[in-house]
Amino acid sequence: MKGVVTAILGGGQGTRLWPLTRDRAKPAVPIGGKFRLIDIPISNSLHAGIDRVYVMTQFNTASLHRHIAQTYRFDAFSQGFVHILAAEQSLDNRDWYQGTADAVRQNMRRLQSGKPRPQDILILSGDQLYLMDVAGFVTSHRERDADFSVAVKPVTAEEAHGLGVMRLDRSGRIVEFVEKPQDPETIARFTLDRATVDSLGLDAEPGMLLASMGIYIFRSAALAELLDGNQDDDFGREVIPAALDSHRGFGFLHNGYWRDIGTIGSFHEANVELTLPMPELNLYSPDRPIYTHPRFLPGCKLSDCQVSQSILADGGIIAGSRVARSIIGIRSLIRAGSVIESSVVMGATAYEHRKEATVPLGIGRDCHIRGAIVDLDSRIGDDCRLINEAGVDHADGDGYSIRDGVIVVHRGATIAPGTTV
């Protein structure tokens, strides 16, 4: 699709996803056994034919740089690229990114460069899980002669408290936008009735609200006008509400799966949902595959195992174990007698050569792991029980943390044999 560039917002420190973001940027967090979060928005952009992509981030970018450099290589006859725009000091600016709008503002010169000069700038989030008709989004934006368009999704009143919600007129134009409404009167004003659902042709039920997905497209000139000469830092809280009177903004309905995975609890749940027989997000679609780094690993090897409703990535070796409702990542090693339930095991970045390790790489014998996330290159000794039997919501221990009731084994951590959490 000509005349469009993509800007992916990589987020800040990712404190809500800590400890997964302790050593890496949020877009570099592994998901689904073999992907990284950044692969989701990049793949959505590439499926629409938009192959000029910028990723804006500012914390722990080394692994993200490496993943993008190893994955997204375009041939010599293409103008496509995926570039990282890490926050940096310049003659014009001495600050790090202060918010979503500020990150775009600081990089407008780059976003508007190149030939042909971009007519539109597509803005995607780096911590969401979805497959979207981005080409349809851009086409709708242009057919309506919009200054900006916002992808919207029907949500319940409970979900709306943490999102930006909007009201649309019969043409789909945004007439009111509020970020994270809390009071009942505001929620009631934005709640859809049957007449509105029918007039807009929405795939929604009365009582729901229309929420922003944090996915936008702006006419390049309009975006420059909205960001120039002010200090607005956030699109949902400041830029879009202020632009409704002066610019043409429209909503674009997304009927498919969409999930914000900004917390440990939502991240764990979204991963486990992928193991369902018919998950809402279809990773097996031939039309919209998710691209990632090709690793050329052998298939996962199973020896005398019981596996149900799980995803096993390449390169793993699982012996004499039971795996249920779990995602087992690349190069995972799970030894005899272990039980893995409702968990995300991310695997390893390389196979281990040293045999003298007191606790070898992977999961040891006779372990029981339930409702957990085991980060890359972890070592879990024999006879460990990581099941959070006491139902603790938040805690920190030696090599692990508990967030939202989910045990997270830190990247590269060693959990001593016999440990019970």
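The following paragraphs examine the structure supplied in this document. Not measured: the values here are computed from a predicted model. Per-chain numbering applies: the sequence of each chain, read as written, is numbered from 1 onward. Note on the predicted model: pLDDT of at least 70 is required for a residue's local features to be given, and 80 or more for side-chain atom pairs to be given and counted; whole-chain, interface and lining totals, by contrast, use all residues. As a convention, hydrogens and water are excluded, and side-chain values are obtained from all of the structure's heavy atoms.

Digging into the side chain of N44
Reasoning step 1: Labels follow the DSSP assignment, with helices taken as runs of H or I lasting at least four residues and strands as runs of E lasting at least two, numbered in each case from the N terminus. Locating N44 in the fold gives a position in helix α1 (residues 39-47).
Reasoning step 2: We call a residue buried when its accessible area falls under 20% of the maximum for its residue type, exposed when it is over 50%, and partly exposed in between, using a 1.4 Å probe and counting protein chains only. The buried category is assigned to N44, whose relative accessible area is 1%.
Reasoning step 3: From its side chain, N44 meets the backbone oxygen of I40 in a polar contact 2.8 Å long.
Reasoning step 4: Throughout, a residue-residue contact means that at least one pair of heavy atoms, one from each residue, lies within 4.5 Å. Excluding residues within four positions of it along the chain, N44 makes contact with Y130, L131, M132 and V134. We define a polar contact as two N or O atoms separated by no more than 3.5 Å, with the added condition that, inside protein, one atom must be a possible hydrogen donor and the other a possible acceptor, whereas residues neighbouring each other in sequence contribute only through side-chain atom pairs.

Topic: the sheet that holds strand β29 (residues 400-403)
Reasoning step 1: Paired strands, in this sense, are two strands between which DSSP finds at least two bridges. One open sheet accounts for seven strands, arranged β16-β19-β22-β25-β30-β29-β28; its pairing is mixed. A single partner strand is all that each edge strand has here, and the edge strands are β16 (311-312) and β28 (394-396).
Reasoning step 2: As paired elements, strand β22 (residues 344-345) and strand β25 (residues 372-374) share two bridges and run parallel to each other. Bridging from a neighbouring strand, V345 pairs with V374 of β25.

Some thoughts on empty space enclosed by the protein
A water-sized probe rolled over the atoms picks out the places where empty space is left.
Reasoning step 1: A cavity here means a set of 1 Å grid points, computed over protein atoms only, where a 1.4 Å probe fits but cannot escape. A pocket is an open set with protein on both sides within 12 Å along at least 5 of 7 lines, and lining residues have an atom within 4 Å of a point. Grid points are joined across faces, edges and corners, and a volume is the space filled by probe spheres set on the points. One pass over the full model with this rule turns up one cavity of 30 Å³ or more.
Reasoning step 2: Empty space within the largest cavity amounts to approximately 90 Å³.
Reasoning step 3: Lining the largest cavity are 15 residues, and of these L333, V345, G347, G362 and S378 sit closest to its centre.
Reasoning step 4: Counted by class, the lining of the largest cavity contains eight nonpolar, four polar and three charged residues. The nonpolar class holds Ala, Val, Leu, Ile, Met, Phe, Trp, Tyr, Cys and Pro. Asp, Glu, Lys and Arg form the charged class, and all remaining residues, Gly among them, are polar.

Points about unusual backbone geometry
Reasoning step 1: The residue after W18, namely P19, is reached through a cis peptide bond having omega 10 degrees.
Reasoning step 2: Structurally, P19 can be placed in the loop between β1 (4-9) and β2 (30-31).
Reasoning step 3: Non-glycine residue D304 carries a positive phi angle of around 55 degrees.
Reasoning step 4: Within the secondary structure, D304 is located in the loop between β14 (301-303) and β15 (306-308).
Reasoning step 5: D304 gets classed as exposed once you look at its relative accessible area, which sits at 75%.
Reasoning step 6: Here Q309, not a glycine, exhibits a phi torsion of approximately 45 degrees, which is positive.
Reasoning step 7: Along the chain, Q309 falls in the loop between β15 and β16.

Looking at the nonpolar core
Reasoning step 1: In terms of nonpolar packing, the biggest core is built from 61 residues, with L20, M132 and I373 touching the most fellow members.
Reasoning step 2: Broken down by element, this core gets its largest block of residues, five residues, from strand β11 (residues 209-219).
Reasoning step 3: Note on terminology: a nonpolar core comprises buried Ala, Val, Leu, Ile, Met, Phe, Trp, Tyr and Cys residues joined through side-chain atoms within 4.5 Å. Counting residues in each nonpolar core, the second largest holds 39 residues, with M56, A101, V104 and L226 among its members.

Looking at the environment of D234
Reasoning step 1: With respect to the element layout, D234 can be found in the loop between α9 (220-227) and α10 (235-243).
Reasoning step 2: Spatially, the C-alpha atoms of D234 and S285 are 34 Å apart, while their sequence positions differ by 51 residues.
Reasoning step 3: For D234, the residues in contact, after removing those within four places along its chain, are T100, A101 and V239.
Reasoning step 4: Here T100 takes part through its side chain, which lies 3.4 Å from a polar atom of the side chain of D234.

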